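# Secondary and tertiary structure notes
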Amino acid sequence: MAKRPAGRSYTADNIKSYTVSTETTLLPFLLETLSDMNRTQIKALLKYRHVALKGKAVTQFDTPLLPGDTVEINMGRSFYQFNNPQVKVLYEDRWIVVIEKASGLLSVGNENAREKNAFHIIRDYVRHDNPDAELYVCHRLDQYTSGVLIFAKDLEFMHELRANWDYYVKERKYMCVTENIPSRPEDTIESLLMEDDHMRVFSTDDEERGRLAVTHYRVIQSRGRYALVDVEIFTGKKNQIRVHMSEMGCPIAGDLKYGAETNPARRLMLHNYRLAFIHPVTGEMMRFSLTTPSVFRKLTQPD
């Protein structure tokens, strides 16, 4: 993919900081500090949240200032406090947004879901600065799987990444808690996967209909019937880890669809904690790592 500007604009931060020396209010301070700008331009900076005090955007011209206060002015774009309990933005540039998705949140919407999903949340986020901005799905995580998720802000970027996923993506690792402890502490599972009419995935010997899935796992620790398992996938097939764990008699805790009997964390205990890929435009190796949910470790911590 050639290096080029994205189809949609992305305005970078251009933040300048100023220290208040005498007690005053915000508008007079800005008029004196930004002497090359007129009153109308400065009021526009306030109105559109380009001014921050103590790290938070302010819009009131009569906000009091004390000596030692730091006023920040973002000449590039507005200060935007993105705060969503189910989504954390890990990285953003003009081509992509990388997020951490919580368990329970759909990656994208479906016909039966009316609630917000990760796609809608991030689309609203990128449209804060550019109402015409578009967002595109690069891959998905199951609704009850948490972890790293990539969205594209550029259509050509999305097509390039999806068409050459195995080339660009270098590492996909998950942490999960299984019911029952795998008989081998470490192993690689290979099978052909296919999906039935009820959207349930299973291994098959049918070489024409099945698609190869390769999963490597390593047991980290265990207690009672539960094991904490580190998993790396070398293919990205639907429900791959869930199926492979289930078919060896160790379904993921909380995964009632694939045979789990318990739900100790009230969620599917599967977490995509690491994703590494080559940025198709810049050529940079991008690495994202998350901590393992504490409940995963507590449930499997040896006595």
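This section reports on the structure supplied with the text. This one's a predicted model, so the numbers in the text were calculated from it and none came from an experiment.

A separate point is the sheet that holds strand E4 (residues 56-57). With antiparallel pairing, four strands are arranged side by side in an open sheet as E1-E6-E3-E4. Single-partner strands in this sheet number two, and they are strand E1 (15-19) and E4. Where strand E3 (residues 51-53) lies against E4, two bridges are found, and the strand directions are antiparallel. From the neighbouring strand, Leu53 faces E4, where its bridge partner is Lys56. Along the sheet, helix H1 (residues 26-33) contacts E1, E3 and strand E6 (70-74); its crossing angle with E6, the most-contacted strand, is approximately 65°.

Below, the discussion takes up the environment of Asp132. Following the sequence through the fold, Asp132 ends up in the loop between helix H3 (118-126) and strand E9 (136-137). C-alpha separation for the pair Asp132 and Ile96, spaced 36 residues apart in sequence, amounts to 16 Å.

Here the focus is the side chain of His139. Within the secondary structure, His139 is located in the loop between E9 and strand E10 (146-152). Given a relative accessible area of 10%, His139 falls into the buried group.

Next up on the list: helix H4 (residues 155-163). Those residues of H4 not exposed but buried are Phe157, Met158, Glu160 and Leu161. Viewed along the axis of H4, the buried residues span an arc of 165°, placing them on a single side of the element. Elements in contact with the buried residues of H4: strand E8 (96-101), E9, E10 and helix H5 (165-168). Its side-chain oxygen placed 3.3 Å from the backbone nitrogen of Glu156, Asp154 serves as the N-cap of H4.

Attention now moves to the environment of Arg267. Among the secondary structure elements, Arg267 is positioned in the loop between helix H6 (240-247) and strand E16 (270-278). Assessed through its relative accessible area of 14%, Arg267 is described here as buried. In this structure, the C-alpha to C-alpha distance between Arg267 and Ile99, residues 168 residues apart in sequence, is 19 Å. Not counting residues up to four positions away in its chain, the partners in contact with Arg267 are Ser103, Tyr144, Ser146, Ala253, Gly254, Pro293 and Phe296. Here the side chain of Arg267 touches Ser146 through a polar contact of 2.9 Å, side chain to side chain.

Even without being glycine, Arg49 reaches a positive phi, approximately 60°. In this structure, Arg49 sits in the loop between helix H2 (39-47) and E3. The exposure class assigned to Arg49 is partly exposed, which follows from its relative accessible area of 32%. Phi at Asn180 is positive, roughly 80°, even though this residue is not glycine. Relative to the helices and strands, Asn180 is located in the loop between strand E11 (169-179) and strand E12 (186-195).

A pair of packed helices is captured by two measures, namely the crossing angle of their axes and the spacing between those axes. It is the contact of H1 with H2, at a shortest axis distance of 10 Å, that shows an interaxial angle of 125°. Taken together, H1 and H2 sit at an angle that is classed as oblique. Crossing angle aside, the handedness with which H1 passes H2 is right-handed. Contacts between H1 and H2 involve Leu26, Leu27, Leu30 and Leu31 from the first element and Arg39, Ile42, Lys43 and Leu46 from the second. Looking at the contact of H1 with H2, its residues break down into six nonpolar, no polar and two charged.

Cut-offs and rules
Residues numbered from 1 in each chain as written. Predicted model: local features only at pLDDT ≥ 70, side-chain atom pairs only at ≥ 80, totals over all residues. Heavy atoms only, no water. Pairing = 2+ DSSP bridges. Helix = DSSP H or I, 4+ residues; strand = E, 2+ residues; numbered from the N terminus. Contact = heavy atoms within 4.5 Å. Axes fitted to C-alpha atoms, helices over the stretch in contact; angles between N-to-C directions. Buried < 20%, exposed > 50% of the residue type's maximum accessible area, 1.4 Å probe, protein only. Arc of directions from axis to C-beta. Polar contact = N/O pair within 3.5 Å; in protein donor to acceptor, adjacent residues only side chain to side chain. Parallel < 35°, antiparallel > 145°, perpendicular 65-115°, else oblique. Left-handed = near helix turned anticlockwise from the far one by under 90°. Nonpolar A, V, L, I, M, F, W, Y, C, P; charged D, E, K, R; others polar.

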